[in-house]
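Coordinates in review
Read off the chains here:
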Amino acid sequence: MRIRDFGVEIWMNRWEETCRYNLAETCVDSVTVEELLALARLDAATFAADLLAMRLTYGAIEGSVRLRTAVAALYEMATPADILVTHGAIGANHLAYQAVVEPGDVVVSIVPTYQQHTSIPESLGASVRMLRLREERGWLPNLGELRELARGAKVISLVNPNNPTGSLLDVAALDAIAGIARAEGAWVISDEVYRGLDQDGAGTSPSMADRYERTIGIGSMSKAFSLAGLRLGWINAPAPILRAANRHRDYSVISVGMVDDLLASIALEAHEALLARNRGIVRGNLAALDAWVAAEPRMSYVRPASGTTALLRYDAAMTSEAFCTGLLEAEGVLLTPGSAMDMEGYLRIGYANDPVVLREGLARTSAYLATLGR
Ligand SMILES: Cc1ncc(COP(=O)(O)O)c(C=O)c1O
């Protein structure tokens, strides 16, 4: 199977272990097992005893009932039977495309996006049409354009809240997209790994899975729940999709680890406490980023509404990769070049890391900018 290089993953793999200030990270500052147990108000000694007594079988093949119940509770309409546990959202997305896409199908992908949503359907022989988000529209889709592009489509895919822009589709937009998809009989693959991190209001916006019956909803422990080390995600979809995904999953997953399943269950049963911690981080950090952008004449952006990332537009006559490589060499700060996601002229920042790292990384980025010609 031919597939394009995954731009962002290649960039991150190359630098994230050696940089000093990681402003490319997209997960909310990760928690330790001890912090997780404290948030969940569980006694560490009891947990340790449970773990020591655990017999390490394959566990429940599709995810434990306890875990699938906790995942289903994140949605209005889902039941445990609608949930299939996967190896991260990266596994969920892969299985979702394998389940629905055949050679010759049309897939409409709203871009910029996480590259899986263009490169996997392409590799499966689909024709991928891209709906470009534009900065002047606040990185929100033009729904008239979507209606045109979606004619004859099998799948419409979106990341909501969006990575990399941080834009968020409101209920009216979700319902309009549902109307467009329904008219075509298309599936919507809705990657919602950043759901729960809104800057305003209660913090969790509706899921497409609760607005449209042919949605394949994707979620994960990595980003909003700050537990990427579990490598655990899920698909929330109607039975025929889960059956098709399972056909592929039997060849590539079998089950996720029992320890991961247990820790994810504990985390999701305490999701309100975990999300409250994480919203505190993204809201505090975005205020710091916002103040920095306002004071830095050579940077501008559309303030993100949700998630952990934003696209910065920089004023310097160089490619985004040259900017990022120079910044790493001079100051040890890691950003992601827009070129890694077909967005030359921009830099992606992940602002949900440790607040001290963010502030120091931004100050050092200003020092680097001061050395650059225009
Ligand atoms: C939009 C999106 N989907 C999926 C993933 C993969 O996440 P996971 O760690 O759950 O595999 C990422 C990771 O960056 C992402 O940004």
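Residues numbered from 1 in each chain as written. Predicted model: local features only at pLDDT ≥ 70, side-chain atom pairs only at ≥ 80, totals over all residues. Heavy atoms only, no water.

Our focus in this paragraph is the packing of aromatic side chains. Counted under the stated rule, the structure contains five aromatic pairs. Between Trp-139 and Tyr-346, the ring centres sit 5.5 Å apart and the planes meet at 70 degrees, which makes this aromatic pair edge-to-face. Taken together, the positions of Trp-139 in the loop between β4 (127-132) and α7 (143-149) and Tyr-346 in strand β13 (residues 346-350) put the pair 207 residues apart, joining distant regions of the chain. One aromatic cluster is present, built from ring pairs that chain together Tyr-314, Phe-323 and Tyr-368. Sitting over the face of the ring of Trp-187, Arg-214 holds its NZ or CZ atom 4.4 Å from the ring centroid. (Phe/Tyr/Trp six-rings, centres within 6.5 Å; stacked < 30°, edge-to-face > 60°. Helix = DSSP H or I, 4+ residues; strand = E, 2+ residues; numbered from the N terminus. Lys NZ or Arg CZ within 6 Å of the ring centre and 35° of its normal.)

The next subject is the pairing of strand β5 (residues 155-159). Among the five residues in β5, five count as buried, and that is most of the element. Neither face of β5 is open: one carries Val-155, Ser-157 and Val-159, the other Ile-156 and Leu-158, and all of them are buried. Pairing analysis gives three bridges linking strand β3 (residues 106-111) to β5, with the strands arranged parallel. Counted as the bridge partner of Ser-109 is Ser-157 from β5. The sheet contact formed by β5 and strand β6 (residues 187-191) spans five bridges and is parallel. (Buried < 20%, exposed > 50% of the residue type's maximum accessible area, 1.4 Å probe, protein only. Pairing = 2+ DSSP bridges.)

The subject of this paragraph is the confidence of the model for the chain. Averaged over the chain, the pLDDT score is 97; the fraction of residues at 70 or greater is 100%. Taken element by element, the predicted model of the chain shows its lowest mean pLDDT in helix α1 (residues 7-15) (93) and its highest in β6 (99). (pLDDT = per-residue confidence, 0-100.)

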